[in-house]
Amino acid sequence: MQHDLSGLRKNYNKLELVENQVPENPLELFRDWFLQAEQHPHIDEHNAMGIATLGLDGYPKNRMVLLKGYTYEGFIFYTNYESEKGRAIAENPRVGLHFFWPALERQIIIKGLAEKLAENLSDGYFESRPMLSRISASVSPQSQVVPSREWLEEKQSAMEKSTTQEIERPAFWGGYLVRPQSIEFWQGRPNRLHDRLRYAMDEEMDWVLERLAP
């Protein structure tokens, strides 16, 4: 099978990214870009982000998750701690996050260290989820081989029928905070001369702003 894609290209010309127009703290620029993505009519799930981990098999793996919060400390998402990504993070907490918003011709690339959230924060988020989402998180052995979809649906249905009270967060499920070590902002520009500004944390825990060649 062969499919030549060499002729596919797009010229980027919507926005620019220059040093004298960005804040000193990259989390503030992230907030501004994130809110613009949230308000854009052609962007669905603006909080969808890729997370790359180094697997126990030695291979990197990237998958999409949903950002559920961000602060000056970092970025928050939730998952099964016993999943493939959870086991990878336990072995090596260095992760990569990636946001791509084609409608704005923008992407953000983040390197950081992942750590588990405090249990009360994971409890609070779990309690806010719809009932069926809580059930699914409780019955799914995420990343493990299962016999069939019907097997999963039967487990979900059985728990739904037997549940007479609030479903507590299972110990194997919860949140992570990714503390950024570097955040790169990419803005598409004409003729592939893109803008790339990277904030990197130095030894004094201060952010240093650098321009990268496209």
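Residues numbered from 1 in each chain as written. Predicted model: local features only at pLDDT ≥ 70, side-chain atom pairs only at ≥ 80, totals over all residues. Heavy atoms only, no water.

S.K.: Before we go on, may I ask you to explain the pattern of salt bridges in this structure?
M.R.: Two side chains of opposite charge can pair, provided their charged atoms sit close to one another. Under the counting rule described, the total for this entry stands at 13 salt bridges. When the shortest N-O distance is used, the salt bridge between Glu 73 and Arg 179 registers 3.4 Å. A residue pair is termed long-range when its members are at least 10 positions apart, and Glu 73 in the loop between strand S3 (69-70) and strand S4 (75-80) and Arg 179 in strand S7 (residues 173-187) qualify at 106 residues. Connected through shared salt-bridge partners, Glu 19, Arg 189, Asp 195 and Arg 211 make up one network. (Salt bridge = Lys/Arg side-chain N within 4 Å of Asp/Glu carboxyl O. Helix = DSSP H or I, 4+ residues; strand = E, 2+ residues; numbered from the N terminus.)

S.K.: I tried to follow the packing of aromatic side chains on my own but got confused; where do I start?
M.R.: Each pair of aromatic rings is reported with the distance of its centres and the angle of its planes. Evaluated as defined, the whole model comprises 16 aromatic pairs. Measuring from ring centre to ring centre gives 5.8 Å for Phe 185 and Tyr 199, while their planes differ by 80°; the resulting arrangement is edge-to-face. Of the two residues, Phe 185 is situated in strand S7 and Tyr 199 in strand S8 (residues 195-201); the sequence distance between them amounts to 14 residues. In this pair, the class of Phe 185 matches that of Tyr 199, namely buried. Of note, Arg 106 hangs over the ring of Trp 33, and the distance from its end group to the ring centre comes to 4.1 Å. In this arrangement the basic side chain of Lys 116 is found over the ring face of Tyr 81, its NZ or CZ atom lying 4.1 Å from the centre. (Phe/Tyr/Trp six-rings, centres within 6.5 Å; stacked < 30°, edge-to-face > 60°. Buried < 20%, exposed > 50% of the residue type's maximum accessible area, 1.4 Å probe, protein only. Lys NZ or Arg CZ within 6 Å of the ring centre and 35° of its normal.)

S.K.: Got a minute to help me understand helix H2 (residues 84-91) in this structure?
M.R.: Looking only at H2, the buried set comprises Lys 85, Gly 86, Ala 88 and Ile 89. Mapping the buried residues of H2 onto a view down its axis gives an arc of 160°, with all of them on the same face. Seen from the open side of H2, the exposed residues pointing more than 90 degrees away from its buried face are Ala 90 and Glu 91. Along its buried surface, H2 packs onto strand S1 (48-54), strand S2 (60-66), S4, strand S5 (94-101), strand S6 (106-116) and S7. (Arc of directions from axis to C-beta. Contact = heavy atoms within 4.5 Å.)

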